[in-house]
Amino acid sequence: MVMFLFLVVALAVVVAAVTLAVVSGGDSGPLPDAAPERLRDSLPPDRPIGRADVERLRFPLVARGYRMADVDDALGRLGAELAERDARIADLESALAGARAAAHQHVSMESHQHVSMEKPGPEEQQ
């Protein structure tokens, strides 16, 4: 009989503790979801991306691999910078080719326009 009373009292204490916890914690609601892990060392927004930036880039792991948004942002930024560099290289190569052609044309024109400053010989004077 004593054991039965002990179990009833223990059960009442547990029910009271759970009820008190639910009632007193009702304003705060359930625990908030944990914020997803974000990219810690993102690509620098204020300067061009360098090789060291790409080597340091690490994506946080999630349940199915990596966060798609982080990977898409990084690849988009890298793609845009590579396209910008390719365009700049093409512009510089075009300017260099134009400068070389102009220099070659200038040298060619100078060789054709070379005037002899020597005094003509007796047979050239006639």
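**Q** Explain the overall build of the chain to me, and be specific about the residues and the numbers.
**A** Scanning the chain from N- to C-terminus turns up four helices and two strands. Listed N to C, the secondary structure of the chain is α-α-β-β-α-α in terms of helices and strands. Looking at the chain as a whole, 7% of its 126 residues qualify as buried. For the chain, contacts bridging at least 24 residues in sequence account for 48% of all contacts bridging at least 6. Accessible surface, the chain: about 11300 Å² in total, of which carbon and sulfur atoms supply 64%.

**Q** Help me get a handle on the confidence of the model for the chain, residues and values and all.
**A** Looking at the chain, pLDDT values average 80 and 74% of them are 70 or higher. Of all secondary-structure elements in the chain, the lowest mean pLDDT belongs to helix H4 (residues 122-125), at 58, while helix H3 (residues 68-112) reaches the highest, 88.

**Q** Give a detailed account of the side chain of Asp 53, specifying residues and quantitative values.
**A** Tracing the backbone through its elements, the reader meets Asp 53 in helix H2 (residues 51-56). Those residues in contact with Asp 53 that lie beyond four places of it in its chain are Leu 43, Pro 44, Arg 47 and Pro 48.

**Q** Please provide a residue-by-residue account of a nonpolar patch on the surface, values included.
**A** Together, Met 1, Phe 4, Leu 5 and Val 8 make up an exposed nonpolar region whose accessible area comes to about 470 Å². Within the element layout of this structure, Val 8 appears in helix H1 (residues 2-24). You can call Val 8 partly exposed: its relative accessible area is 41%.

**Q** Can you break down the pattern of salt bridges residue by residue, with the values?
**A** Under the definition given, this model contains six salt bridges. Here Arg 51 and Glu 55 are joined by a salt bridge, their closest N and O atoms 2.8 Å apart. Of this pair, Arg 51 and Glu 55 both sit in helix H2, separated by four residues, roughly a single helical turn. On the basis of relative accessible area, Arg 51 is assigned to the exposed category, the value being 68%. Across the salt bridge formed by Asp 70 and Arg 67, the nearest N and O atoms sit 3.7 Å from each other.

The rules we used
- In every chain, residue numbers begin from 1 and rise along the written sequence.
- With the structure being a predicted model, the display of local features is reserved for residues of pLDDT at least 70 and the display and counting of side-chain atom pairs for 80 or more, all residues being used for whole-chain, interface and lining totals.
- Where side-chain values are given, they derive from all heavy atoms of the structure, hydrogens and water being excluded.
- A helix here means a DSSP run of H or I that spans at least four residues, while a strand means a run of E at least two residues long, and both kinds are numbered starting from the N terminus.
- Relative accessibility decides the category of a residue: with a 1.4 Å probe and only protein chains considered, values under 20% of the type maximum give buried, values over 50% give exposed, and everything between is partly exposed.
- Whether two residues touch is decided by their heavy atoms; if any such pair falls within 4.5 Å, the residues are in contact.
- Per-residue and other accessible areas were derived by the Shrake-Rupley procedure at a 1.4 Å probe size, with only the shown protein chains allowed to occlude residues.
- A residue's pLDDT is simply how confident the predictor is in it, with values from 0 to 100.
- Like charges within 9 Å and nonpolar side chains (Val, Leu, Ile, Met, Phe, Trp, Tyr) within 5 Å are joined into patches, using only residues over 30% in relative accessible area that form no salt bridge.
- Every case where a carboxyl oxygen of Asp or Glu lies within 4 Å of a side-chain nitrogen of Lys or Arg is listed as a salt bridge.

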